[in-house]
Amino acid sequence: MTAAQARRVVWIHGDSLSVTDPALSACPDAPALFVFDRPFLQAVPVAFPRLAFMYQGVRDLAAHRPGLTEIRVGAVPDELAAFAAAHHAAELHVTRNFTPDFARIVDGLRAARPDLRIIIHEPERLTSFDGPLRRFFGFWKKVEREVLHGEPAPDFPRRGHR
Amino acid sequence: MTDALRLPPDLLDDQLPRVLGEALTGLYTGEPRLPARVGGRTAGLAALHAWTGEGYAGRNFLSGNVSRLSMYLRHGMLGLREVAAHARAVMRGRERDEFLRQLTWAEFYRLVLRQEGARVLGNLEDPKYPARWTDTLPDDVREARTGLPCADAWVTHLVRDGWLHNHERLWFAAYLVHWRGVDWRSGYALFREHLLDGDIANNALSWQWVASTFSNKPYFMNQENIDRYSGGRWCRTCRAECPFRASYGELETQLFGTRP
Ligand SMILES: Cc1cc2nc3c(=O)[nH]c(=O)nc-3n(C[C@H](O)[C@H](O)[C@H](O)COP(=O)(O)OP(=O)(O)OC[C@H]3O[C@@H](n4cnc5c(N)ncnc54)[C@H](O)[C@@H]3O)c2cc1C
């Protein structure tokens, strides 16, 4: 393990429960944390099987990656801050999702740990479309060729991959 | 230090309901029990590879061969790209195109969420009829005792399996919003509670599509439609006063008033 890798941690959330997750694949050896979000679950009813399904997802990726994988129950920004501190991490890696909760947690973490660099990886996309959206039909007309044939239409700029 | 609880990442399925149930005390509804399908990428890949897509043309029938991959896609256990690649490799012709088109709805809704953010949790547009919706989910609906065998089955399936066929979701949503006059957000919350694939984008935006706050007209069905696509499952033996038994024209007037 190089020194640079030793200073990173990964946040695994409910939209990224796979070893192929961009943040996890960028840091295969780094310690990774999944948190069952206590304040969220206290406020929002979720039936048990869904939580068990997510647990099984974390268990599966823990078994398939070289780095340490931890599971906690608590407030997500607090747990991420404590986890990063415990591993002397300078960087936290995570894959973006578009939920308001994601933005809230990232903001909370930035406030708690201004010195921690948060590296946000972009999630995988099916299409390269980036324009405004309104109805599915119009969207489909724009991406049809790309989706059906697995390649973007010629008049479409390819999205940059990082 | 935080007051966090730690869980080992290698609990066996046998231990899961008890140990995870204790760790999450007060944080879930219902009984601690295993999900109807095993979570994780390994199980998701096995389900993907086992799926040939044969007969997807009949996807609107409850007996149709749909993939049931949504819970794996929702949690990132499978990616939209690899599912699309699998479909391109194993499926043929119109069935393949139809499947890829359905998959694209998931991408579309994700992008709408990216564009709209938390706004997707409220009406994105005005409803396309004079709607007066109440907020609360009626008890008889939640407890699957409406007296309508079909509607009760939709709720029972939802709670038992954590998954519903797309047509059952559509019927239930239309029943709740249009026949019972309940705001789609109560239905969204019930789905979020029980669906293994429940998310913000697909769930909220599909409800809005049915409610007509993210579409040009409300979605609704009649008895004939339920009978046909369920293979007569409930209608054949049903003795209830059927609220869905009328022509589309009659129901349109009854539910939405005469439209210009
Ligand atoms: C009221 C309502 C609520 C819904 N809530 C959710 C939800 O919370 N999460 C969710 O994933 N889907 C939701 N859907 C969409 C759809 O019903 C499910 O994705 C589908 O039934 C899943 O079964 P499948 O995997 O066998 O689908 P398949 O037919 O095999 O399709 C493959 C994949 O394509 C995508 N897909 C197919 N149809 C749709 C659709 N109409 N809209 C969006 N994506 C689609 C899904 O990712 C699905 O897994 C909802 C639909 C309605 C009407």
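Residues numbered from 1 in each chain as written. Chains lettered and ligands numbered in written order. Predicted model: local features only at pLDDT ≥ 70, side-chain atom pairs only at ≥ 80, totals over all residues. Heavy atoms only, no water.

1. Topic: the overall build of chain A
For step 1, the next point in the chain: Of regular secondary structure, chain A possesses 7 helices and 5 strands.
For step 2, the next point in the chain: Going residue by residue from the N terminus, the α and β elements of chain A occur as α-β-α-β-α-α-β-α-β-α-β-α.
For step 3, the next point in the chain: Here chain A holds 162 residues, and 57% of them are scored as buried.
For step 4, the next point in the chain: Residue pairs at least 24 apart in sequence account for 68% of intrachain contacts in chain A once pairs closer than 6 positions are excluded. (Helix = DSSP H or I, 4+ residues; strand = E, 2+ residues; numbered from the N terminus. Buried < 20%, exposed > 50% of the residue type's maximum accessible area, 1.4 Å probe, protein only. Contact = heavy atoms within 4.5 Å.)

2. Comments concerning unusual backbone geometry
For step 1, the next point in the chain: Unlike most non-glycine residues, H88 of chain A shows phi in positive territory, near 50°.
For step 2, the next point in the chain: Within the secondary structure, H88 of chain A is located in the loop between α5 (76–86) and β4 (91–95).
For step 3, the next point in the chain: Look at S212 of chain B: it is not a glycine, yet its phi comes out positive at around 80°.
For step 4, the next point in the chain: Here S212 of chain B shows up in the loop between α10 (201–211) and α11 (223–229).

3. Some remarks on the interface of chain A and chain B
For step 1, the next point in the chain: In this complex, chain A contributes 61 residues to the contact, which on the side of chain B involves 69 residues.
For step 2, the next point in the chain: Linking chain A with chain B are 7 salt bridges, by the criterion used here.
For step 3, the next point in the chain: Linking R6 of chain B and E70 of chain A is a salt bridge whose minimum nitrogen-to-oxygen distance equals 3.6 Å.
For step 4, the next point in the chain: One can count 32 residue pairs in polar contact (both at pLDDT 80 or more) joining chain A with chain B.
For step 5, the next point in the chain: Sorting the residues of the side of chain A that touches chain B by element identifies α3 (38–43), α4 (48–64), β3 (69–74), α5, α6 (100–112) and α7 (136–149) of chain A as the ones contributing at least two each.
For step 6, the next point in the chain: When residues in the side of chain A that touches chain B are grouped by element, the largest group, 14 residues, is from α4 of chain A.
For step 7, the next point in the chain: Split by residue class, the side of chain A that touches chain B holds 31 nonpolar, 14 polar and 16 charged. (Salt bridge = Lys/Arg side-chain N within 4 Å of Asp/Glu carboxyl O. Polar contact = N/O pair within 3.5 Å; in protein donor to acceptor, adjacent residues only side chain to side chain. Nonpolar A, V, L, I, M, F, W, Y, C, P; charged D, E, K, R; others polar.)

4. Overview of empty space enclosed by the protein
For step 1, the next point in the chain: Taken as a whole, this structure holds 1 cavity of 30 Å³ or more when the rule is applied.
For step 2, the next point in the chain: Its boundaries defined by the atoms lining it, the largest cavity holds a volume of some 60 Å³.
For step 3, the next point in the chain: A47, P49 and R50 of chain A together with R33, P35, A36, V159, R160, D161, G162, H194 and L196 of chain B are the residues that line the largest cavity.
For step 4, the next point in the chain: For the lining of the largest cavity, the secondary structure elements donating two or more residues are α4 of chain A together with α7 (149–161) of chain B.
For step 5, the next point in the chain: Of all the elements, α7 of chain B adds the most residues to the lining of the largest cavity, at 3 residues.
For step 6, the next point in the chain: Within the lining of the largest cavity, the residues separate by chemical class into 6 nonpolar, 2 polar and 4 charged. (1 Å grid on protein atoms, 1.4 Å probe; cavity = no way out; pocket = protein on both sides within 12 Å on 5 of 7 lines; lining within 4 Å. Points joined across faces, edges and corners; volume = space filled by probe spheres on them.)

5. Quick notes on the packing of α4 of chain A against helix α1 (residues 16–23) of chain B
For step 1, the next point in the chain: Contact pair α4 of chain A / α1 of chain B: the axes reach a minimum separation of 11 Å and the direction vectors enclose 105°. Considered as vectors, α4 of chain A and α1 of chain B are oriented roughly perpendicular to each other. Judged by residue contacts, F48, L51, A52, Y55, Q56 and R59 of chain A of α4 of chain A engage L16, P17, L20 and G21 of chain B from α1 of chain B.
For step 2, the next point in the chain: When the residues that make up the contact of α4 of chain A with α1 of chain B are grouped by side-chain class, the tally is 7 nonpolar, 2 polar and 1 charged. (Axes fitted to C-alpha atoms, helices over the stretch in contact; angles between N-to-C directions. Parallel < 35°, antiparallel > 145°, perpendicular 65-115°, else oblique.)

6. Some words on the nonpolar core
For step 1, the next point in the chain: Core analysis: the biggest nonpolar cluster contains 117 residues, and F36 of chain A together with W154 and M221 of chain B have the highest contact counts within it.
For step 2, the next point in the chain: By size, the runner-up hydrophobic cluster in this structure holds 19 residues, among which are W11, L80, A81 and L109 of chain A. (Core = buried A, V, L, I, M, F, W, Y, C linked by side-chain atoms within 4.5 Å.)

7. Some thoughts on the site of the ligand
All names here are of chain B.
For step 1, the next point in the chain: Of all residues adjacent to the ligand, which total 28 residues, the nearest are Y56, S67, R68, N166 and D197.
For step 2, the next point in the chain: R68 is positioned such that a nitrogen or oxygen atom in its backbone is 2.5 Å from an oxygen atom of the ligand.
For step 3, the next point in the chain: At 3.0 Å, a backbone N or O of L69 approaches an oxygen atom of the ligand.
For step 4, the next point in the chain: When the ligand is considered free in solution it has 830 Å² of accessible area, and contact with the protein chains removes 96% of it.
For step 5, the next point in the chain: Those elements that provide at least two residues to the shell around the ligand are α3 (70–74), α5 (93–116), α8 (166–179) and α10. (Near = heavy atom within 4 Å. Areas by Shrake-Rupley, 256 points an atom, 1.4 Å probe, with all protein chains shown as cover.)

8. Section: the environment of A23 of chain B
For step 1, the next point in the chain: With respect to the secondary-structure elements, A23 of chain B resides in helix α1.
For step 2, the next point in the chain: Residues A23 of chain B and L5 of chain B, 18 residues apart in the sequence, show an inter-C-alpha distance of 7.2 Å.
For step 3, the next point in the chain: Excluding residues within four positions of it along the chain, A23 of chain B makes contact with V73 of chain A together with L5 and L7 of chain B.

9. Regarding the pairing of β4 of chain A
Residue and element names in this part refer to chain A.
For step 1, the next point in the chain: Counting buried positions over the 5 residues of β4 gives 5, a clear majority of the element.
For step 2, the next point in the chain: Of the two faces of β4, both are covered, the one formed by E91, H93 and T95 as well as the one formed by L92 and V94.
For step 3, the next point in the chain: Pairing geometry for strand β1 (residues 8–12) and β4, over 3 bridges, is parallel. Paired with R8 across the two strands is E91, which belongs to β4.
For step 4, the next point in the chain: Of the pairings in the sheet, the one linking β4 to strand β5 (residues 117–121) comprises 5 bridges and is parallel in character. Paired with H93 across the strands is I119, a residue of β5.
For step 5, the next point in the chain: Each parallel crossover has a hand, and for β4 linked through α6 to β5 it is right-handed. (Pairing = 2+ DSSP bridges. Right-handed = clockwise from strand over helix to strand, strands pointing away.)

10. What to know about the packing of aromatic side chains
For step 1, the next point in the chain: Per the counting criterion, the structure on display carries 33 aromatic pairs over all chains.
For step 2, the next point in the chain: On the basis of an interplanar angle of 85° and a centroid distance of 6.0 Å, the ring pair of W105 of chain B and F108 of chain B is categorised as edge-to-face. On the criterion of helical spacing, the pair formed by W105 of chain B and F108 of chain B is a turn pair, its members being 3 residues apart in helix α5.
For step 3, the next point in the chain: Residue classification places F108 of chain B among the buried positions, given a relative accessible area of 1%.
For step 4, the next point in the chain: The interplanar angle of 80° and the centroid separation of 6.5 Å between the aromatic rings of W105 of chain B and W209 of chain B together place this pair among those described as edge-to-face. Residue W105 of chain B is found in helix α5, and its partner W209 of chain B is found in helix α10; the two are separated by 104 residues along the sequence.
For step 5, the next point in the chain: Here the basic side chain of R135 of chain A rests over the ring of F214 of chain B, its NZ or CZ set 5.7 Å away from the ring centre. (Phe/Tyr/Trp six-rings, centres within 6.5 Å; stacked < 30°, edge-to-face > 60°. Lys NZ or Arg CZ within 6 Å of the ring centre and 35° of its normal.)

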